[in-house]
Amino acid sequence: MKVKLVQSILIGLVLLFSSAILVAKSDVVDDGYYTTKDSEFYLTPEQLLFIRPGLVLEIIEVVIPPDRQTEVTYTISDPAGLPLDRNGVHTPGPVSTSWVLSFIPAYEEAYVAYTTRVQTSPITGDSATQAATDTGGAYTELSIGTYKYKFGTVLPEGYDMDATHTVGVYARRDLTEFGLDRYVANELDHFVPSGSSEPMPREIVTTETCNGRCHDPLALHGGSRQDVGLCILCHNPTQDIDPDTGNSIDMPLMIHKIHMGEYLTEDYTIIGYRQTPHNYNDVVYPAPINECEACHTGGAPTENFPMVATPATALVCDGSGVGEVTLNWQYTDNVQIKVRTASNPEGKVFGIAGPTGSIATGKWISDGTWFDLYDLRTGRLVQSVPVNATVLGCVSNAPGTFRGEAGVQHTNWMDNPSRKTCGSCHDNINWVTGEGHSEYNLVMVDDITCDNCHVPYTGNEFDRSVRGAHLELYKSAQFPGVLVEFLEVTNTNPGDNVTVKFTVRSKNGPIDPATLDRFRLTLSGPNDDYSFQAQEIANRSLVWTGDNTWTYTFARSLPLDAAGSFTVSVESRNIVPIDFGDVVSEERDNAENPRFVFAVTDTVATPRRMVVDDYKCESCHSNLAFHGGVRHDPQYCNTCHMPESLDFDGNQTIHLKYMIHSIHRGEDLVNGFYVGGRDYSEVVYPGDLRDCDFCHVNNSQQVPVESTALSTNTPQAWWNPMMPNSAACLSCHDDDASAAHAYSNTVFFGESCGTCHGEGRVAAVDKVHAH
């Protein structure tokens, strides 16, 4: 009792002397630990000081003693670094921890867990041995916040002490009694028991990439598993079969199949020990499915591919055909780099350097440039890197760029083809009979010869190399690109017929817009909120003004009452023959959608407010492209999807904010959302819908919205038209109670939403969406 009393006094002193830290972190909105978008922000200083929400776990030491029951010393604290009591007696909220220990056997790449369990299916009666967390272990409190866990699992006699081992833990601090959440921490510690070498853990895809792409954040098994490095300790090839279905839940196979979803030809259902069936054949992946580097984020050297070019393609915006990249390399010895081009296929020395380095090429990189990395001492060719040119990125952000963080072995997808990995997506292949495996129906009894055909890359597009076979069409170097640049807009008074001056070019030089398959100019305004639009096919009525410049005068005039600023934009494409190796096909070379803002009555041209950014859309969608691929940017989408816009049946709004909210809300809608015969009521959003910032920019999710925003034409809804704030909110919260609430706070001259939901108010948007 005296010991506990002394401990309580010491903890009280720690709390007293640390109060300034905690209060500072809660008071500062912009730079503090918590912001208005966090539930913790709304605690009083006294509550914050007492509860100290959050959880940080750090593994201090891992020891395997003579009894072979692994011992882990670790600390748990709040984000300010103050210790926590794992039992929740001296500090609020008990902290549970679950431990797993796995190793990578010699000459293998995947983990094997030491602790297993036999899972028997109540459906089939079949049993399977699965990896599991440790059971029967014991905790020792070394001090408040510092503990030792001794595994119940005894390692086998003669275990491989020279293998990479990883201890993983998932911890949860339960603060639900305070109206907060269960705070999760995942931690990993990699080691080699003998100390004979540095550990080499498996790291092919990172959590940062999953979270930076779509998942915001990754949280599975009740939200407690949030790190890919933890997932792979259990989801391994030898210990993970779902006994109910016989389907493998080995990590690479399972993740490939889940993301492949609707493209699978065979059923992929997982039931699991909770006996909850999950069928993944209806999953719709939101990006091009063959764009492997959406998840296998690249851009960094690896052991097998020690040199990269950044960016991977040289950006050319001036029509010169040449651009610039930076070469980065990490090798084990001094290197020589040679450059090859079509005009100099033998190559010449570009540089001699140390094992690690970086160098900019200068503006001379064109299609078909190769950089060869040689070991300077032995003269051995280590790697060849092809670099081509592109116009993608000259307007807005380049699509298909790397996001997140590259794993140490992120290139594994290129140089480790196997029946399991490839067959997880290409599940129409029968490896035993060879059916579906090329036109020759090649039988594969093992994986040894896979890379005879499927080398990492050859530089040839759409061939049997791994990269070539998975090349997304829009990234083909055979596309010269279409780049429109607006130069000037004249005749801009109300009632005038606007004249636009522009240039059109590819990466290789000028393009005559009259030769394009599509060249459609759009006139939109006013930029306060679009209510006027004129779209005209322009490439048959152009005037050449010399030096690759053209003008077009709109047939439709500006409204007589036009005011403020307007926008002109364009969608265009060329038709280009693309050599796929076995066939040449006419394909669309789609341009991005540049915009030009001009003043009608404004003194200075003012653009339309920016609500979302294409860069954020392409975190998940990789290459946002609709309506045949010619419409890419949400700022351009707005020019058609105006407040008054309806679908072709005239029964459903397609106002961009209402439509996008409803589509992403998907399965959580009460009344569903249907456009053009498509039902979006089963869409599963892969992130946290409360995180408005994942799509929004400039804090644009706040209410009240801009006073110039127009009402939405909503024939499908409770009333029509719907004022701007109500339309934004009810497109997600489409239940009757929310609609009644919005309607009762709306009168013919405006809405009172900002009274309660404005920034800093009692039910501010940030507060009700806080997480």
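Cut-offs applied
Residues numbered from 1 in each chain as written. Predicted model: local features only at pLDDT ≥ 70, side-chain atom pairs only at ≥ 80, totals over all residues. Heavy atoms only, no water. Helix = DSSP H or I, 4+ residues; strand = E, 2+ residues; numbered from the N terminus. Rg over C-alpha atoms; globule rule 2.2 N^0.38 Å. Contact = heavy atoms within 4.5 Å. Areas by Shrake-Rupley, 256 points an atom, 1.4 Å probe, with all protein chains shown as cover. Lys, Arg positive; Asp, Glu negative; His and termini not counted. Charge placed at Lys NZ, Arg CZ, Asp CG, Glu CD. Patch = residues over 30% accessible without salt bridge, like charges linked within 9 Å, V, L, I, M, F, W, Y side chains within 5 Å. Salt bridge = Lys/Arg side-chain N within 4 Å of Asp/Glu carboxyl O. Buried < 20%, exposed > 50% of the residue type's maximum accessible area, 1.4 Å probe, protein only. 1 Å grid on protein atoms, 1.4 Å probe; cavity = no way out; pocket = protein on both sides within 12 Å on 5 of 7 lines; lining within 4 Å. Points joined across faces, edges and corners; volume = space filled by probe spheres on them. Nonpolar A, V, L, I, M, F, W, Y, C, P; charged D, E, K, R; others polar. Core = buried A, V, L, I, M, F, W, Y, C linked by side-chain atoms within 4.5 Å. Disulfide = S-S within 2.5 Å. Pairing = 2+ DSSP bridges. Polar contact = N/O pair within 3.5 Å; in protein donor to acceptor, adjacent residues only side chain to side chain. Axes fitted to C-alpha atoms, helices over the stretch in contact; angles between N-to-C directions. pLDDT = per-residue confidence, 0-100. Parallel < 35°, antiparallel > 145°, perpendicular 65-115°, else oblique. Phe/Tyr/Trp six-rings, centres within 6.5 Å; stacked < 30°, edge-to-face > 60°.

Participant: Quick one: what's the story with the overall build of the protein, residue by residue and with numbers?
Facilitator: Scanning the protein for helices and strands turns up 16 helices and 35 strands. In terms of overall size, the protein behaves like a compact globule, its C-alpha atoms giving a radius of gyration of 30 Å where 771 residues would be expected to give roughly 28 Å. The contacts in the protein between residues at least 6 apart in sequence include a share of 62% that link residues at least 24 apart. When the accessible surface of the protein is split by element, carbon and sulfur atoms take 54% of a total near 36700 Å². Positive and negative side-chain charges in the protein, numbering 50 and 98 respectively, have mean positions lying 2 Å apart.

Participant: Please give an account of unusual backbone geometry that cites residues and values.
Facilitator: In this model, Thr310 is joined to Pro311 through a cis peptide bond whose omega is -10 degrees. Mapped onto the fold, Pro311 is located in the loop between strand 13 (307-310) and strand 14 (314-315). Following Asn720, the chain continues to Pro721 via a peptide bond in cis, the omega torsion being -5 degrees. Here Pro721 is to be found in the loop between strand 33 (678-679) and helix 13 (724-730).

Participant: I'd like a rundown of a negative patch on the surface, residues and numbers included.
Facilitator: Negative charge collects at one region of the surface, where Glu262, Asp282, Glu667, Asp668, Asp679 and Glu682 lie side by side. Among the secondary structure elements, Asp668 is positioned in the loop between helix 12 (656-665) and strand 32 (674-675). With relative accessibility at 41%, the residue Asp668 sits in the partly exposed group.

Participant: Tell me what's going on with the layout of surface pockets, and back it up with residues and numbers.
Facilitator: In this structure, the second largest pocket encloses a volume near 900 Å³. Lining the second largest pocket are 27 residues; nearest its centre among them are Asp181, Tyr183, Pro217, Gln226 and His771. Counting residues per element, the lining of the second largest pocket draws most heavily on strand 10 (residues 182-191), at three residues. Here the lining of the second largest pocket is built from residues that sort into 11 nonpolar, seven polar and nine charged.

Participant: Could you give an account of the nonpolar core, naming the residues involved and the relevant values?
Facilitator: With 34 residues, the main nonpolar core has Leu55, Leu57, Ile59, Ile76, Trp99 and Val167 as its most contacted residues. Elements with a contribution of two residues or more to this core: helix 2 (45-51), strand 1 (56-63), strand 2 (71-77), strand 3 (95-103), strand 8 (146-150), strand 9 (165-174) and strand 10. A per-element tally of this core places strand 3 first, with four residues. When near neighbours in sequence (up to four residues on either side) are disregarded, Trp99 contacts Ile59, Val72, Tyr74, Thr133, Asp134, Tyr139, Tyr149, Phe151, Val167, Gly168 and Val169. Val482, Val498, Leu516 and Val568 belong to the second largest nonpolar core, which has 28 residues in total.

Participant: Residues and numbers for the state of the cysteines, please.
Facilitator: Scanning all chains against the criterion turns up two disulfides. Put simply, Cys214 and Cys620 are joined by a disulfide, and their sulfur atoms are 2.3 Å apart. One disulfide, between Cys214 and Cys620, carries an S-S torsion of 115 degrees and so falls in the right-handed class. Separated by 406 residues along the polypeptide, Cys214 in helix 3 (residues 207-215) and Cys620 in helix 10 (residues 614-621) bring together distant segments of the chain. Each of the two residues, Cys214 as well as Cys620, counts as buried.

Participant: Summarise the sheet that holds strand 3; cite the residues concerned and give the values.
Facilitator: Ordered in space as 4-3-9-10, the four strands form an open sheet in which the pairing is antiparallel. At either end of the open sheet lies a strand with only one pairing partner, and these are strand 4 (112-113) and strand 10. Note: strand 3 against strand 9, nine bridges, orientation antiparallel. Following the sheet pairing, Phe103 is matched in strand 9 by His165.

Participant: Can you break down the side chain of Asp427 residue by residue, with the values?
Facilitator: With respect to the helices, strands and loops of the structure, Asp427 is situated in the loop between helix 7 (419-425) and helix 8 (450-453). Despite its burial, Asp427 pairs with no opposite charge; the closest candidate is Lys257, at 4.2 Å N-O. In this structure the side chain of Asp427 is engaged in a polar contact, spanning 2.9 Å, whose partner is the side chain of Thr265. Here Asp427 is in contact with Lys257, Leu264, Thr265 and Glu266, once residues within four sequence places are set aside.

Participant: How would you sum up the sheet that holds strand 8? Please name residues and give values.
Facilitator: The strand order 1-2-8-7 describes an open sheet built from four strands, whose pairing is antiparallel. If you trace the sheet from one side to the other, it starts and ends with strand 1 and strand 7 (138-143), each paired once. Between one strand axis and the next, the sheet turns by 25 degrees as a mean value, whatever way the strands run. Pairing between strand 1 and strand 2: seven bridges, direction antiparallel. Bridging across to strand 2, Val63 finds its partner in Glu71.

Participant: I'd like a rundown of the pairing of strand 28 (residues 549-553), residues and numbers included.
Facilitator: Every regular strand shows the same layout, with side chains that alternate between the two sheet faces. For strand 28, the buried fraction is high: four of the five residues fall into the buried class. Where strand 23 (residues 499-506) lies against strand 28, four bridges are found, and the strand directions are antiparallel. Paired with Thr499 across the two strands is Thr553, which belongs to strand 28. Relative to strand 28, strand 27 (residues 543-546) is paired through three bridges, and the arrangement is antiparallel. Residue Gly546 lies in a different strand from strand 28, and its bridge partner there is Thr549.

Participant: Give me the lowdown on the confidence of the model for the protein, citing residues and values where you can.
Facilitator: With 96% of its residues at a pLDDT of 70 or more, the protein shows a mean pLDDT of 93. Counting interchain partners and residues more than four positions distant, the pLDDT-below-50 stretch residues 1-31 has 31 contacts.

Participant: Describe the packing of helix 3 against helix 10, listing the residues and the values that go with them.
Facilitator: Remark: helix 3 packs on helix 10, axes separated minimally by 7 Å, with the N-to-C direction vectors making an angle of 115 degrees. Taken together, the axes of helix 3 and helix 10 lie roughly perpendicular to each other. Across the interface between the two elements, Gly212, Arg213 and Cys214 from helix 3 touch Glu618, Ser619 and Cys620 from helix 10. The class makeup of the residues in the contact of helix 3 with helix 10 is two nonpolar, two polar and two charged.

Participant: Tell me about the packing of aromatic side chains, and please be specific about residues and values.
Facilitator: A complete count under the given rule lists 22 aromatic pairs for this structure. Summarising the aromatic geometry, the rings of Phe462 and Phe580 are spaced 4.6 Å apart at their centres and angled 45 degrees between planes, so their arrangement reads as tilted. Taken together, the positions of Phe462 in the loop between helix 8 and helix 9 (466-469) and Phe580 in the loop between strand 29 (565-579) and strand 30 (584-590) put the pair 118 residues apart, joining distant regions of the chain. Ring geometry for Phe673 against Tyr680: centres 6.5 Å apart, planes inclined by 45 degrees, an arrangement best described as tilted.

Participant: Describe the pattern of salt bridges, listing the residues and the values that go with them.
Facilitator: Per the stated rule, a full pass over the model turns up 24 salt bridges. A salt bridge links Asp447 to Arg419, with the shortest nitrogen-to-oxygen separation between them at 2.7 Å. Highlighted residues: Asp447 in the loop between helix 7 and helix 8 and Arg419 in helix 7, separated in sequence by 28 residues. The salt bridge partner of Arg631 is Glu571, with a shortest N-O separation of 2.8 Å. With a gap of 60 residues between them, Arg631 in the loop between helix 10 and helix 11 (634-637) and Glu571 in strand 29 connect regions that are remote in the sequence. Residues Arg631 and Glu571 agree in their burial class; the two are buried. Connected through salt bridges with shared partners, the residues Asp67, Glu71, Lys148 and Lys150 form a single ionic network.

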